[in-house]
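# Structural overview
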Amino acid sequence: MSDAKRPDRNLAMELVRVTEAAALAAGRWVGRGDKNGGDGAAVDAMRELISTVEMDGVVVIGEGEKDEAPMLYNGERVGTGSGPAVDVAVDPIDGTRLMAEGRPNSIAVIAVAERGAMFDPSAVFYMRKIAVGPEAVGKIDLAKSTEWNIRSVAQAKNIDVGDLTVCVLDRPRHAELIAEIRAAGAKVRLIMDGDVAGAVATATDGSSVDMLMGVGGTPEGIIVACAMKCMGGEIQGQLWPQDDAERQKAVDAGLDVDAILTTDDLVKGDNCFFAATGITNGDMVRGVSYRANGAITRSLVMRSKSGTVRHVEGRHKMEKLREFSAVDYGQDA
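An account of the accompanying structure is given in this report. Note that the coordinates shown come from a computational prediction; the quantities given were computed from them, not determined experimentally. Counting restarts for each chain: residues are numbered from 1 in the order of the written sequence. The model is predicted, so local features are restricted to residues of pLDDT at least 70 and side-chain atom pairs to those at 80 or more, both for listing and for counting; the totals for chains, interfaces and linings are taken over all residues. With hydrogens and water set aside, each side-chain value is computed from the structure's full complement of heavy atoms.

### Topic: the packing of aromatic side chains
Short version of the rule: Aromatic contacts are taken between Phe, Tyr and Trp rings whose centres are within 6.5 Å, Trp giving its six-membered ring; a plane angle under 30 degrees counts as stacked, one over 60 as edge-to-face, and the others as tilted. The classification of residues rests on relative accessible area computed with a 1.4 Å probe and restricted to protein chains. Under 20% of the type maximum is buried, over 50% is exposed, and intermediate values are partly exposed. Helix and strand definitions here come from DSSP, where helices need a minimum of 4 consecutive H or I residues and strands a minimum of 2 consecutive E residues; each element is numbered from the N-terminal end. The criterion for a charge sitting over a ring is simple: Lys NZ or Arg CZ within 6 Å of the ring centre, and within 35 degrees of the ring normal.
Overall, the coordinates contain two aromatic pairs when judged by the stated rule. With 4.9 Å between their ring centres and 90° between their planes, Phe125 and Tyr126 make a pair best called edge-to-face. Of the residues examined, Phe125 reaches a relative accessible area of 42% and is grouped as partly exposed. A centroid spacing of 6.2 Å and a plane angle of 90° characterise the contact between Tyr126 and Trp240, whose relative ring orientation is edge-to-face. Within this pair, whereas Tyr126 is found in strand S5 (residues 126–132), its partner Trp240 is found in the loop between strand S9 (234–239) and helix H8 (244–252), the two being separated by 114 residues in sequence. One aromatic cluster is present, formed by Phe125, Tyr126 and Trp240 through successive ring pairs. Taking the ring centre of Tyr290 as reference, the NZ or CZ of Arg28 above it sits at 3.9 Å. The ring of Trp29 carries Arg32 above its face, with NZ or CZ at 4.3 Å from the centroid.

### Details of the pairing of strand S8 (residues 211–217)
Selection rule: Two strands pair under a simple rule: DSSP has to find at least two bridges between them.
Of all seven residues in S8, seven are buried, a share of seventy percent or more. Judged from the seven bridges that link them, S5 and S8 form a sheet pairing that is antiparallel. Bridging across to S8, Ala131 finds its partner in Leu212. Summarising the sheet, strand S6 (residues 165–169) and S8 pair through two bridges and their orientation is parallel. Its bridge partner lying in S8, Val166 is registered against Met211.

Limitation: the analysis is restricted to geometry and does not speak to function.
In structure tokens:
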């Protein structure tokens, strides 16, 4: 790829406008118990704003296949069509149930990397994961036991095992993992959904989360890999087929379901971008706050090549948003 076609340094700040729009649209649905309504609003807003970003993007991780998702589907071309050729991963709402029920850690997120850099997760929806921040890079091994990983990370971080917290999705499939973590002497932090936010928290200064472990979405794993490249953390994953048919689909796609995938396997190279805006308050960023005739958003914006991590607070006037957008952001507060 020629230098002229590589993602430029300003792309990250364009991308945060996309996640801000999705968060603002979804924010009006927080606590209303309607997952589909909130998700639809976020998708509409994200799709409109992403079309203005100066890039030649292909959605690698989106809302699903074209016959199921009319917008932001896998394979859709996004951006203006000029500028750098990139892979795009989007999740208009990571944690739709969290949004619908007004619970913490729902975010709008987008990640971008050079064309061909992102692992294609379409064959297998789930993967086993382990993620840590910079202090524990090189000290995890998904092929080894839960206890070994916990003790290794605790030693790397120079803390007692009893002071180490592992974030795990609250699912029946994790009963054995949770028991192993507690038997090793560490603490468990259960989350309902949103393991992107949970993984990023492991690499966030001041966070109470030290590790993320367990089975979660493969698409989210690729998004997390982009974030970890920006923050200096690490993720490992292993495909987790749900049945023989899905296992065969992976084999037919040329994938090794027994392989341990590294951060570099999930996202190649060192020129990727990550932006996330809070929908509800969370460990990573606070959610949308509404004021008279306006709203405040908080976002995390990162680029791997420079290692820059920015916290961006945006103040938005609703009448201005409507003036320049076809998206319905709801009634003024």
